[in-house]
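Chain by chain, the residues:
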Protein chains: 2
Amino acid sequence: MSYVGASAVAVNPMNAAEYHGINLIVVNRRMKVAELVLRVLICALGVLAATLMVTDTQVMVFFSIQKKAKFTDMKALVFLVIANGIAAFYSFLQLLRCVVSLAKGSVLFNKPLAWAIFSGDQVVAYLTVAAWAAALQSSVYAKLGQSELQWMKLCQFYGKFCNRGGEGLASAVMASLCTVIVSAISAFSLFRLYGGANAKTTTGW
Amino acid sequence: MSYVGASAVAVNPMNAAEYHGINLIVVNRRMKVAELVLRVLICALGVLAATLMVTDTQVMVFFSIQKKAKFTDMKALVFLVIANGIAAFYSFLQLLRCVVSLAKGSVLFNKPLAWAIFSGDQVVAYLTVAAWAAALQSSVYAKLGQSELQWMKLCQFYGKFCNRGGEGLASAVMASLCTVIVSAISAFSLFRLYGGANAKTTTGW
C-alpha cells in the first residue's frame, strides 16, 4: 500500500468516521453529551458560587459600633467571584456551540477552532483552580487565624457569614472540577486530530 | 480502498512513522527534547523555590522581645514548599524516563503508560498552580494587610523575609508554568494515540 493511498483514507469522511473500527460519530456524540452536561454544571455552579458570595453579609455590633462583613473585605473572595463569573459566561457561550454541534451531529475536524476551545478551557480551568485555592487559604486564616502573624480568627464573630461563604466556596470547587474534566475532553478533541500512528504495540515508549 | 487496507497502515510501523507526510520520529524527538528541558527546569526551579522558602528567616526585636519570622508561620508557604518538593521529585523521575526514551529514539505507543504520565502531569500542574495561588494571596495580605479584617501588614517589619519569600514565589510560579506546558505535551502524546480521522476539512465542527 502506498503513502498516497493512505492519505486518501484520511480525507474520505466515510472512512474517517469508522477508522480503526471505532465509530467516531457515536464516540463523538457521547463526548459531546458529557461536555454539554459539564458545561451546564459549570454555568450553574459558577453562578451559584458568585451569587452566594456577593449576597453574603452579616452585621455585628461591638460596643455600640456596627460592623458589617461582606465579600469585598477579603481580596480572595472578590477574585473568586470574578473567576466564577468568567467561567460561567465562557461556559454559556461554549454551551451554545455544543447544542448546535450536537443537533447537527457533526464531528470537530477544524483544527483552529479545536485549538481555540482547548486554549480557552485550559485558561478557565487554571483560573478557577487558582481562585478557589486562594479563597480556601483565606478561609483557613479566617476560620483558624494565624497567631504567629497576629491575624485574628474572624469566624468566631461572623459565623453566619463564614458558613455561607463556605457554601459558595464548595460550589466554586465543584465548578472548577468540572472545568478540569472539560479541559481534558477538549484536549482529547484537539490532539486526536494529530493522530494517525495508532499502532497497538506496547513495546515502544 | 477498503477499511481492512486502512487498518493495515496503522499496524505497520514504517507507515505509522510517516503517516500523513509527518515524520513522527522527528516530531517525537523534538517533543521529547522540549519535555526534557522543561522537566529539568521544573526540577531546578522547584528545588530553588523550596530552598529559598525553607531557609528564609529574619529576627526582629520589638521592645526587647525577640521575634523570628520563618516560613512555617504561614500555612500557604508550607503548602508551597511541599507542592514544589513533590513537583521536583516527580519531574526527576520523569526526567530519567525521558532520557532513556530519547536515547532509544522510541515513540510512545503504550496507552496505559501515556495515561499514567498524563494523569501525573495534570495532578502536578494543578497542584503547583493551587500552591502558588494560595501563597500569592497570603503574600498580598502580608504586603498590603487587610484593614477591614484587622490583619496587619507584616512586610513593613520583615522586609528581608518578604523579599526572599517573593523570590521563592517567583521561582514557584515559573516552575508551575513549565508543569502546565508539560501537561499539554503529555496530553498531546496520549490523545494522538486515539487519532485516525485526521481529515483536513474545515466545515465540520
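It should be emphasised that the depicted structure is a prediction, and the values quoted were computed from it without experimental measurement.

**Q** Even after reading the chapter, I still don't get the overall build of chain A, so can you show me in this structure?
**A** Within chain A, the secondary structure is distributed over 6 helices and 2 strands. Overall, chain A shows an N-to-C arrangement of helices and strands of α-α-α-β-β-α-α-α. Partitioning the intrachain contacts of chain A with sequence separation of at least 6 by distance along the chain shows that 78% fall at a separation of at least 24. Roughly 9,400 Å² of accessible area belongs to chain A as shown, and the carbon and sulfur atoms make up 72% of that amount.

**Q** Help me understand the packing of helix α4 (residues 75–104) of chain B against helix α5 (residues 111–144) of chain B, please; the structure alone is not making it clear to me.
**A** Describing two packed helices takes the angle between their axes plus the distance from one axis to the other. Residue and element names in this part refer to chain B. Put simply, α4 and α5 touch, their axes get as near as 9 Å, and they point 155° apart. Judged on the interaxial angle alone, α5 and α4 are roughly antiparallel. Where α4 crosses over α5, the handedness of that crossing is left-handed. Counting all contacts with α4, which are made through Ala76, Leu77, Phe79, Leu80, Ala83, Ile86, Ala87, Tyr90, Gln94 and Arg97, the residues of α5 involved are Ile117, Gly120, Asp121, Val124, Leu127, Thr128, Ala130, Ala131, Trp132, Ala134, Ala135 and Ser138. For the contact of α4 with α5, the residue count by class is 16 nonpolar, 4 polar and 2 charged.

**Q** I keep staring at the packing of aromatic side chains and nothing clicks. Help me out?
**A** Each aromatic ring pair is described using two quantities: the centre-to-centre distance and the angle formed by the ring planes. Residue and element names in this part refer to chain B. Counted according to the given criterion, the structure contains 11 aromatic pairs over all chains. Ring geometry for Trp115 and Phe191: centres 5.8 Å apart, planes at 85°, overall edge-to-face. Here Trp115, found in helix α5, pairs with Phe191, found in helix α6 (residues 159–191); they are 76 residues apart in sequence, far enough to count as distant. Overall, the relative accessible area of 3% leaves Phe191 in the buried class. Ring centres of Phe118 and Phe191 lie 5.2 Å apart, and the angle between their planes is 70°; on these two criteria the pair is classed as edge-to-face.

**Q** What is the right way to read the state of the cysteines from this model?
**A** Simply put, the disulfide is a covalent bond whose two ends are the sulfur atoms of two cysteines. Residue and element names in this part refer to chain A. Counted by the stated rule, this structure contains 2 disulfides over all chains. Covalently, Cys155 is tied to Cys162 through a disulfide, its sulfur atoms 2.0 Å apart. Because the torsion about its S-S bond is -85°, the bridge between Cys155 and Cys162 counts as left-handed. Of the cysteine sulfurs around Cys98, a residue in no disulfide, the closest is that of Cys43, at 11 Å.

**Q** Can you help me understand the UniProt feature "transmembrane region" (unreviewed entry) in chain A in this one?
**A** Residue and element names in this part refer to chain A. The residues that UniProt annotates with the feature "transmembrane region" (unreviewed entry) are residues 36–55, 76–93, 113–136 and 169–191. For residues 76–93, the end-to-end C-alpha separation is 26 Å, with 100% helix and 0% strand making up the annotated structure. Split by type, residues 169–191 is 100% helix and 0% strand. Its first and last C-alpha atoms lie 33 Å apart.

**Q** How should I be thinking about the pairing of strand β1 (residues 57–62) of chain B in this particular structure?
**A** One face of the sheet, then the other: side chains in a regular strand alternate in exactly this way. All names here are of chain B. As paired strands, β1 and strand β2 (residues 65–70) are joined by 6 bridges and run antiparallel to one another. Residue Met60 lies in a different strand from β2, and its bridge partner there is Lys67. Here β1 hands over to β2 after 2 residues, with Phe63 in that stretch at a positive phi of 50°.

**Q** Could you clarify how one ought to interpret the pattern of salt bridges in this entry?
**A** Oppositely charged side chains can form a pair if their charged atoms are brought close together. As enumerated under the stated definition, the model contains 10 salt bridges over all chains in all. Note that Glu35 of chain B and Arg39 of chain B form a salt bridge whose closest N and O atoms lie 3.0 Å from each other. Taken together, the positions of Glu35 of chain B and Arg39 of chain B, both in helix α3 (residues 24–54) and 4 residues apart, correspond to about one turn of that helix. In this pair, the class of Glu35 of chain B matches that of Arg39 of chain B, namely buried. One connected set of salt bridges, linked through shared partners, spans Lys32, Glu35, Arg39, Arg97 and Asp121 of chain A.

**Q** Got a minute to help me understand helix α4 (residues 75–104) of chain A in this structure?
**A** Since the α-helix advances by 3.6 residues per turn, residues separated by three or four positions end up pointing in the same direction. In this model, α4 of chain A (30 residues) spans 44 Å end to end at C-alpha, consistent with the 44 Å of a helix rising 1.5 Å per residue. Positive phi shows up at Gly105 of chain A, right after α4 of chain A, with a value of about 70°.

**Q** Help me understand the side chain of Glu35 of chain B in this model?
**A** Residues and elements named next belong to chain B. Of the residues examined, Glu35 reaches a relative accessible area of 5% and is grouped as buried. At 2.9 Å, the side chain of Glu35 forms a polar contact with the side chain of Arg97. When neighbours within four sequence positions are excluded, Glu35 is seen to be in contact with Arg97, Cys98 and Ile185.

**Q** Explain the side chain of Ser171 of chain B here, please?
**A** When you line up the elements, Ser171 of chain B lands in helix α6. The contacts of Ser171 of chain B, once residues within four sequence positions are left out, are Leu45, Leu48, Ala49 and Leu52 of chain B.

Definitions and cut-offs
Residues numbered from 1 in each chain as written. Chains lettered and ligands numbered in written order. Predicted model: local features only at pLDDT ≥ 70, side-chain atom pairs only at ≥ 80, totals over all residues. Heavy atoms only, no water. Helix = DSSP H or I, 4+ residues; strand = E, 2+ residues; numbered from the N terminus. Contact = heavy atoms within 4.5 Å. Areas by Shrake-Rupley, 256 points an atom, 1.4 Å probe, with all protein chains shown as cover. Axes fitted to C-alpha atoms, helices over the stretch in contact; angles between N-to-C directions. Parallel < 35°, antiparallel > 145°, perpendicular 65-115°, else oblique. Left-handed = near helix turned anticlockwise from the far one by under 90°. Nonpolar A, V, L, I, M, F, W, Y, C, P; charged D, E, K, R; others polar. Phe/Tyr/Trp six-rings, centres within 6.5 Å; stacked < 30°, edge-to-face > 60°. Buried < 20%, exposed > 50% of the residue type's maximum accessible area, 1.4 Å probe, protein only. Disulfide = S-S within 2.5 Å. UniProt positions renumbered as here; feature names shortened; annotations may be inferred. Pairing = 2+ DSSP bridges. Salt bridge = Lys/Arg side-chain N within 4 Å of Asp/Glu carboxyl O. Expected span 1.5 Å × (residues − 1). Polar contact = N/O pair within 3.5 Å; in protein donor to acceptor, adjacent residues only side chain to side chain.

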